[in-house]
Structures are given as structure tokens and as C-alpha cells.
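Report on the structure
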Amino acid sequence: MTPRPPNPSIPGRGPVIHPPNRFEPIQLEPDPEWQNTQAAEDATPAPATKFYLDGTESLLTRHDSPDIGPGWGLNCYRGCEHGCAYCFARPYHEYLGWSSGLDFETKILVKTRAPELLRTELSSARWRPEPIMMSGATDCYQPAERHFKLTRRCLEVLAEFCQPVGIITKNFLVTRDLDVLAELARHQCIVVNVSVTTLDADLAGKLEPRAARPEHRLRAIRLLADAGVPVSVLVAPVVPGLTDHEMPAILDAAAAAGARRAGYIILRLPHAVKDVFLHWLETHAPGRKNRVLARIRELRGGRLNDASFGARLRGEGIFAEQIKQLFTITARRAGLNRAEINLSAAHFRRPGGVQLEML
């Protein structure tokens, strides 16, 4: 089969490449002669998203990372249509025999039985209601959720059990579920983390093509806060040399919209994410490429990625300390992080209204 020629950009998609799968011994390379013809360019249509049934028989996954502590993750989808050029979850698609590039955002696995599996696992006598995070990898409110509604159905199960949960998203679609989120908030069982990478709508459209634009994320923060749902903003990822200067403005805007806490994560480039992000730089920000890569190496001990616990999320060195101080000072000035948002399992109950302490 002849591979499709690369296209420098497809509207609504991330970097249009298929970086080599580190688990596959055979790689396909485009024919340069075909690649350079206009006919080849015209024969490269925007790929449609394909959805695949994920027949997994378990849903909750345990993690014990020194960076974020022990807990549980819940992912209804594998792969993500947002197409963010920096997404650290891209390499997981290689375990499926696909690429971290265009495959990651056009081949989505859907756990259609997620709500039923969640109910079964929460009903088990072995389950103790530690907080669950939705989602530790792909966005639980990605475009597919508008159709499948698996995140909402899982939230309805969590609300029935009064099971504490945290959400991480960059999609305005989270506001669709204000009713369920407000019910969880009544029992101190929810926190929503809205990630904001940049306030520049044009840059966001290129960097995160199918995610909500910055102004809509800020509006989501406002609507959530007005509904009594605790909200935190994540300046994530901070792209050195490209978006780091925006941190004060992002924190100020999020605080004004009603966010109570804030955090940040430095750009990570594990495995083929490096290739995807380099392609993005060459396509959309060639004039900034050298500066961005130099800054990343300053944070990563001369490398483009450092997977070491304790360093992978914040970086190391003088520049990392400068970013940390900028965040701390700006967050304090904006009134953020003055109090913790604590999730509670005090009201956890299994079907029938039996609370945990009675079991």
C-alpha cells in the first residue's frame, strides 16, 4: 500500500505526520517524487475521524506517580480529536499499532460500556472511595463526547454514589453537565480543572485545533464557579519561548472568571511527541523554533525531554526556578491558592442509600 504524502497543514487537525511507531519493525516512507507533485497534494483530503469499540472489561486504573501521588484514573476514550501538538498521551496509541501523529486524533477507541463498568466497580465491596481523575490522559470532553455522552453518564453514576472526582478539560462542553456537577459539588465531591495554554486565539487554533478557544474556557470557568462548582486553572503546558510570558495574564483572567486555585506544567516531549511538536514548530512557528528548543533544553538538562519523576512536570535549572517564582508571585497577587479544594468521601453510598461507615 502506498503511504499518503504528508501535508503541511490540514484545517482542524494537528500536525499531519505519522512518526515511526517505536514498537513496529517496519516503517512506511512516502515516495519523494509522488510527494512533490501537485496531484499528490490534491489527493490528500482531510481525514475523517473513525471510532472503534473498546471492549475493555475494567475501567478504573490505579496510578502511584511520585509527581501527582496515588489515585485512580478514568478514561472513556483512547485517542483525542483535539489534535494538540504537545499532547503527552500521543505515544499510547503506539501500543495499538498506530502512530502518535494523525492516527492519535483520527482513530478513537470508545469504551461504550464505561458507565456500566464504573457502576460495577464502585459497587464492589473492595472499593474504597479514593478520588478518581477524569481523565489522566485524553480529554473526557473531547468532541466525541458530544455524541457518545459517556462522560456525562459516568458523572451521573458518580453522583449517585457521591464518589469524589476531579476533571481536567480544555473544552467548553463541560458546561453541558452543570446540573450533575452542581449535585456533586453539594457533597464536596467535585473539582474541575480547566487548562489554558494561551490567551491568543489564533495561536490556540493552530496549537490545539479542535479544543475550545481561550475565551470559551474562561467563560466555562465563570459558569462553573457561578454554579457553585470549585474550579482550578492549569497553565498547561507552559511552552518555553512561546507561551511562558502569558502566565500572569492567564492567571489574572482565570481568577477574574472565578477560579480558586491554579497550577502549571512545563511542556513534555516523550517519545514521538517530540517529532509531532517539531513538525508543528516548523509549520506554524519556524521563526521561533530555535528559541523554543533552546529554552526546552535549558529546562531538561540539555535534552528535549526528561522523564525523571520530580523534574518532568516542572523542569530544572535557573529558567525553571524563574517560571516557578513567576507563577507563585502572580498566583498570590491574583488571590489564587489561598485555600485548598478538598474532596470528601463522607457521603459515599452504594445503591440503596447505604453509606460507607455502615458497611
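Everything here concerns the structure above.
The present account deals with the structure reproduced in this document. Since the structure is predicted, the reported quantities are computational estimates derived from the model, not experimental observations. (Residues numbered from 1 in each chain as written. Predicted model: local features only at pLDDT ≥ 70, side-chain atom pairs only at ≥ 80, totals over all residues. Heavy atoms only, no water.)

Below, the discussion takes up helix α10 (residues 247–257). Those residues of α10 lying buried are M247, P248, I250, L251, A254, A255 and A257. Following α10 by one or two positions, G258 has its phi on the positive side, about 120°. (Buried < 20%, exposed > 50% of the residue type's maximum accessible area, 1.4 Å probe, protein only. Helix = DSSP H or I, 4+ residues; strand = E, 2+ residues; numbered from the N terminus.)

Turning next to the sheet that holds strand β2 (residues 61–65). Read from one edge to the other, the open sheet built from 7 strands follows the order β2-β3-β6-β7-β8-β9-β10, with strand pairing classed as mixed. With one partner strand each, in any of the chains shown, β2 and β10 (261–266) form the two edges of the open sheet. Recorded for the sheet is a direction-independent mean angle of 30° between the axes of neighbouring strands. Two strands pair when backbone bridges link them, and β2 and strand β3 (residues 69–73) are joined in this way by 5 bridges, in the antiparallel orientation. When the bridges of β3 are listed, S65 appears paired with G69. The sheet contacts of helix α6 (residues 150–161) involve β6 (132–134) and β7 (165–169), and relative to β6 the element is tilted by about 160°. Each of β7 and β8 (190–195) is contacted by helix α7 (residues 178–186), which is oriented at about 130° to β8, the strand it contacts most. (Pairing = 2+ DSSP bridges. Axes fitted to C-alpha atoms, helices over the stretch in contact; angles between N-to-C directions. Contact = heavy atoms within 4.5 Å.)

With that settled, the discussion passes to the packing of aromatic side chains. According to the stated counting rule, one finds 7 aromatic pairs in the structure shown. Between Y52 and W98, the aromatic rings sit 5.1 Å apart at their centres with planes inclined by 45°, giving tilted as the arrangement. A residue pair is termed long-range when its members are at least 10 positions apart, and Y52 in strand β1 (residues 50–53) and W98 in the loop between β4 (77–78) and α3 (102–106) qualify at 46 residues. Both rings, one in F161 and one in F348, keep their centres 6.1 Å apart while their planes meet at 40°; by these two values the pair is tilted. Pair noted here: F161 is in helix α6 and F348 is in the loop between α13 (318–334) and β11 (349–350), with a separation of 187 residues, a long-range link. F348 shares its class with F161; the two are buried. Joined through ring pairs, the aromatic side chains of F51, Y77 and F148 make up one cluster. Directly above the aromatic system of F88 lies the positively charged group of R268, at a separation of 4.9 Å from the ring centroid. It is R314 that lies over the ring of Y264; its NZ or CZ is 4.1 Å from the centre. (Phe/Tyr/Trp six-rings, centres within 6.5 Å; stacked < 30°, edge-to-face > 60°. Lys NZ or Arg CZ within 6 Å of the ring centre and 35° of its normal.)

Right, let's get into the pattern of salt bridges. Opposite charge on two side chains permits them to pair, given that their charged atoms come into close proximity. Inspection of the entire model under this criterion finds 23 salt bridges. A salt bridge links R210 to E81; the nearest nitrogen and oxygen atoms lie 3.1 Å apart. Here R210, found in the loop between α8 (201–207) and α9 (214–226), pairs with E81, found in the loop between β4 and α3; they are 129 residues apart in sequence, far enough to count as distant. R210 sits in the partly exposed class, given a relative accessible area of 31%. (Salt bridge = Lys/Arg side-chain N within 4 Å of Asp/Glu carboxyl O.)

The next point concerns the packing of helix α11 (residues 273–284) against helix α12 (residues 289–299). At their nearest, the axes of α11 and α12 sit 9 Å apart, and the two run at 150° to each other. Across from F277, L278, L281 and E282 in α11, the residues of α12 making contact are K289, V292, L293 and I296.

Right, let's get into the sheet that holds β1. Pairing within the open sheet is mixed, and its 3 strands lie in the order β1-β5-β4. At either margin of the open sheet sits one strand with a lone partner, and together these are β1 and β4. Of the strand pairs in this sheet, β4 and strand β5 (residues 107–110) are connected by 2 bridges, and their pairing is antiparallel. Residue pairing across strands places R78 opposite L109, the latter belonging to β5.

Next up on the list: a nonpolar patch on the surface. Among the surface-exposed residues, F88, Y92 and Y95 lie close enough to one another that they form a single nonpolar patch of about 350 Å² accessible area. Tracing the chain through its elements places Y92 in the loop between β4 and α3. (Patch = residues over 30% accessible without salt bridge, like charges linked within 9 Å, V, L, I, M, F, W, Y side chains within 5 Å. Areas by Shrake-Rupley, 256 points an atom, 1.4 Å probe, with all protein chains shown as cover.)

This brings us to the pairing of β7. Most of β7 is tucked away: 4 of the 5 residues are buried. Bridge count between β6 and β7: 3 bridges; the pairing is parallel. When the sheet's bridge partners are listed, M134 is paired in β7 with I167. Bridge count for β7 against β8 is 5 bridges, and the pairing is parallel. Residue V165 lies in a different strand from β8, and its bridge partner there is I190. The parallel pair β7 and β8 is bridged by α7, and the resulting crossover is right-handed. (Right-handed = clockwise from strand over helix to strand, strands pointing away.)

This model, assessed by the stated rule, comprises 0 disulfides. Just so you know, C80 is unpaired, no disulfide at all, and the nearest cysteine sulfur is the one on C84, 6.3 Å from it. Assessed through its relative accessible area of 6%, C80 is described here as buried. Cysteine C140 is unpaired, with the sulfur of C76 as its nearest cysteine sulfur at 7.5 Å. (Disulfide = S-S within 2.5 Å.)

A separate point is unusual backbone geometry. Cis geometry marks the peptide bond from M134 to S135, where omega comes out at -5°. Residue placement: S135 occurs in the loop between β6 and α5 (144–148). The omega torsion across A236 and P237 is -10°, close enough to zero to call that bond cis. The backbone phi angle of K149 is positive, close to 60°, even though this residue is not glycine. According to the relative accessible area criterion, K149 is partly exposed, its value standing at 40%.

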